[in-house]
Amino acid sequence: MPRITRGLALNPDRNRIAHLMYQVIARKYRPQTFQDVVNQDHVKTTLENAIAQQRIGHGYIFSGQRGTGKTTVARILARCLNCVTGPTAAPCGVCASCLEITAGGTVDVIEIDAASNRGINEMRELRENVRYRPARDRYKVFIIDEAHQITSEAFNALLKTIEEPPEWVVFVLCTTEAHKIPATIASRCQHFSFRSVDFDDLMARMAWICAQEGIQAAPDALAVLAQAGEGSVRDSLSALDQAIAACGLRIEAPAVRALLGSFSLESLHQVTAALAAGDPRQMLELVDELERNGRNLQHFSRELARYFRNLLVARIAGPDTRLIAAGAAERARFAEIAAGFSEEDLTRYLHLSLDLFRDLQFSLQPRFHLEIGLVRLVHAGRLLPIEQALADLGDTEPRPAPSAERTGLPVRVPAAPPLRTGPSPFEADRAKKAARPAEPQNSGANALAPAPLVPGDPRERLHAWLTEHGLTHVADAVENSRVALSGGDIVIQAPKSYHLYFKDRSFADALRQVFARPLNLKLTVDESAAPPVALPEPPAPASAAEPADEAAGRALANREVQRFREVFGGEVRRIRNLKEPT
Ligand SMILES: Nc1ncnc2c1ncn2[C@@H]1O[C@H](COP(=O)(O)OP(=O)(O)OP(=O)(O)O)[C@@H](O)[C@H]1O
Ligand SMILES: [Mg+2]
Ligand SMILES: [Zn+2]
């Protein structure tokens, strides 16, 4: 007498039966007809037509992602061919052939797992078997799963059979890796690619299954399960099994997320919020929070890459795209977040997050890697398209990025500071030139003109450091401003057009290096001063140009050329008239 616990001993038979009857959902709900198969319409229609027209091929290759219906459709095809009412696209489902195929194979429908039968001997055996007529049914159907595992000699042994099989034989080679099937075999077969299943279809299928099982599943919980499957029905259904085991008859999203180790949109949004704020500290805190809650950092980096991918897609294709595996509300949220970034930014973030994901796979210090990766995202910063940078030199209002105009999305101009505020350097330049004849140098009459640099004073120290580090623009800004230290503050009075330089990270670095203590930056506007010019003067037009070349003069006087030099610096070395042959 086996030792059993008391609870089970009360009704051992019932427990045994319940145990035997339990079947995982993916198997229990394996479609038995073409109608039940989700997606894959191109496969279904072609096969249905072939059956209706009695034009059945002898070799088929079903390829595609795992769990998308290859084996399922192969079995349905076998039923269609062998049903007593057939060949028919709508098998009866009750005859002996139909029932036996459902249960997993008959003498005439032979499933071979090529992962464990991949050698030449097995294929010779198969070749033998092919020669005999079906024992009972119309066709002998060979369903070879994982066909790419078959060795090349074994494939060669099959070649002749697949090319000219007896009329009663149909081969179906199922594989996730179609490119590994030798061309000699592939060219003798009809090839069907199975697609990964659309999010909405998967959601509908799971909702239907839950209804059959008497399970109440919240739509957002199903969405998490559908996303976890990444287009594979089987994977999503396995996740559903797991969720039912964990949660019972009511399934809610947070519990499912906890179970699968996935992350909510809002937790991922912390990353984009930190990016929008340009704040690396928030990133470090986020990593700390993940660690403290025992979250898997590799998972997080994978989900982060997917998150940026979805943002990029939302940015390009708008909220209604079916390219994002998410419900309508979530897609709208993606679009909303994405609107705060340019397409270029999101592309870079996606790139970096993929690198991060890759690094984390092999990392012995995942936490450090994640920290570096996220901080690097912040440093990667946000770029303005060149056109916009140039245009912004001319007017004060930043324009929407061109990509935004294309998608027709509402444009939120990035939270990053606009390139420049106050008068443009051109106006500044003109003002300066206008002032020059009357007032050759600061004569002392203008009290607000920048004072000379006094060795050792904070302004001079800053200036020296910035110059030494090649930050000449910022150094010029310092030179043309007033700087005072007062307790924990550094007070800078500067023309508005320089403020951006002072808000830049490189200036914060300079402060830290030069004064070696935390300082609070107080920027005030110096309105009375004519904005001094920090940038090199554009070369004087024709009159001053040495070669007195008219074309050169015109080119140098060109506004666009000048703007270009303003933004990118450099010198003009050669001028070529594109209308003339070189
Ligand atoms: N297109 C589909 N429609 C409905 N259910 C599907 C579909 N694809 C897969 N399933 C479900 O997933 C289970 C596994 O499907 P199937 O065995 O056909 O996948 P496969 O493509 O052969 O995968 P693998 O490459 O891993 O062998 C099925 O039992 C069924 O429940
Ligand atoms: Mg299969
Ligand atoms: Zn039948």
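Rules and cut-offs
- Residues numbered from 1 in each chain as written.
- Chains lettered and ligands numbered in written order.
- Predicted model: local features only at pLDDT ≥ 70, side-chain atom pairs only at ≥ 80, totals over all residues.
- Heavy atoms only, no water.
- Pairing = 2+ DSSP bridges.
- Helix = DSSP H or I, 4+ residues; strand = E, 2+ residues; numbered from the N terminus.
- Axes fitted to C-alpha atoms, helices over the stretch in contact; angles between N-to-C directions.
- Near = heavy atom within 4 Å.
- Polar contact = N/O pair within 3.5 Å; in protein donor to acceptor, adjacent residues only side chain to side chain.
- Areas by Shrake-Rupley, 256 points an atom, 1.4 Å probe, with all protein chains shown as cover.
- Core = buried A, V, L, I, M, F, W, Y, C linked by side-chain atoms within 4.5 Å.
- Buried < 20%, exposed > 50% of the residue type's maximum accessible area, 1.4 Å probe, protein only.
- Contact = heavy atoms within 4.5 Å.
- Donors = N, O, S within 2.8 Å, 3.2 Å for Na, K, Ca; no water.
- Tetrahedral: all angles 85-135°; square planar, octahedral: opposite > 155°, others 65-115°.
- Arc of directions from axis to C-beta.
- Salt bridge = Lys/Arg side-chain N within 4 Å of Asp/Glu carboxyl O.

A. Focus on the sheet that holds strand β5 (residues 190-194). One open sheet accounts for five strands, arranged β2-β3-β4-β1-β5; its pairing is parallel. With partners counted over all chains shown, the strands left at the sheet margins are β2 (109-113) and β5, one partner each. With strand direction ignored, the average angle separating the axes of adjacent strands in the sheet is 15°. Alignment of β2 against strand β3 (residues 140-145), held across five bridges, turns out to be parallel. Within β3, the residue paired with Ile110 across the bridge is Phe142.

B. Representation of the site of ligand 1. Surveying the vicinity of ligand 1 reveals 18 residues, the closest of which are Ala26, Gly67, Lys70, Thr71 and Thr72. Here an oxygen atom of ligand 1 and a backbone polar atom of Tyr29 are 3.5 Å apart. Here an oxygen atom of ligand 1 sits 2.5 Å away from a polar atom, N or O, in the side chain of Thr72. Surface burial for ligand 1 is 95%, taken as the share of its 630 Å² of free accessible area covered by protein chains.

C. View of the nonpolar core. Among the nonpolar cores identified, the biggest contains 35 residues, and Val271, Leu275, Phe300, Leu304, Phe308, Leu370 and Leu374 are the most heavily contacted of them. Every element with two or more residues in this core is listed here: α14 (265-277), α15 (280-292), α16 (297-317), α17 (328-338), α18 (343-361) and α19 (366-380). Looking at this core element by element, the count peaks at nine residues for α16. The contact partners of Phe308, leaving out residues within four places of it in the chain, are Val271, Thr272, Leu275, Leu346, Tyr349, Leu350, Ser353 and Leu377. With 28 residues, the next largest nonpolar core counts Phe199, Ala243, Ile251 and Val256 among its residues.

D. Structural view of the coordination of the zinc ion (ligand 3). Taken together, the protein ligands of the zinc ion (ligand 3) are Cys83 (SG), Cys92 (SG), Cys95 (SG) and Cys98 (SG), with distances of 2.3 Å. Between the four donor atoms coordinating the zinc ion (ligand 3), the angles at the centre fall across 99 to 120°, so the site counts as tetrahedral.

E. Examining the sheet that holds strand β9 (residues 489-494) more closely. Across the sheet, three strands lie side by side as β8-β9-β10; this open sheet has mixed pairing. Every interior strand has two partners, whereas the edge strands, β8 (482-486) and β10 (520-525), have only one. Adjacent strand axes in the sheet meet at a mean angle of 20°, parallel and antiparallel pairs treated alike. Two strands pair when backbone bridges link them, and β9 and β10 are joined in this way by six bridges, in the parallel orientation. Bridged to Asp489 within β10 is Asn520.

F. Here's a closer look at α17. Turning to α17, its buried residues are Arg331, Phe334, Ala335, Ile337 and Ala338. The buried side chains of α17 occupy one side of the element, clustering within an arc of 165° when seen end-on. Of the surrounding elements, those touching the buried residues of α17 are α14, α16 and α18.

G. Just the pattern of salt bridges, in detail. Per the stated rule, a full pass over the model turns up 27 salt bridges. Across the salt bridge formed by Lys180 and Glu177, the nearest N and O atoms sit 2.6 Å from each other. What you see here is one network of salt bridges that share partners, running through Asp288, Glu291, Arg292, Arg367 and Glu371.

H. View of the side chain of Ser236. Position of Ser236 among the secondary structure elements: in helix α12 (residues 233-247). With relative accessibility at 0%, the residue Ser236 sits in the buried group.

I. Highlighting unusual backbone geometry. Residue Glu230 is not a glycine yet carries a positive backbone phi of 50°. Relative to the assigned elements, Glu230 resides in the loop between α11 (219-229) and α12.

J. Layout of helix α26 (residues 505-515). Of all the positions in α26, only Ser506, Phe507, Ala510, Leu511, Val514 and Phe515 are classed as buried. Here the buried residues of α26 occupy an arc of 145° about the axis, which is enough to place them on one side. Pointing more than 90 degrees away from the buried face of α26 are the exposed residues Arg512 and Gln513. Residues of α26 that are buried sit in contact with α23 (458-468), α24 (472-479), β8, β9, α25 (499-503) and β10. Backbone geometry just downstream of α26 places Ala516 in the positive-phi region, at approximately 50°.

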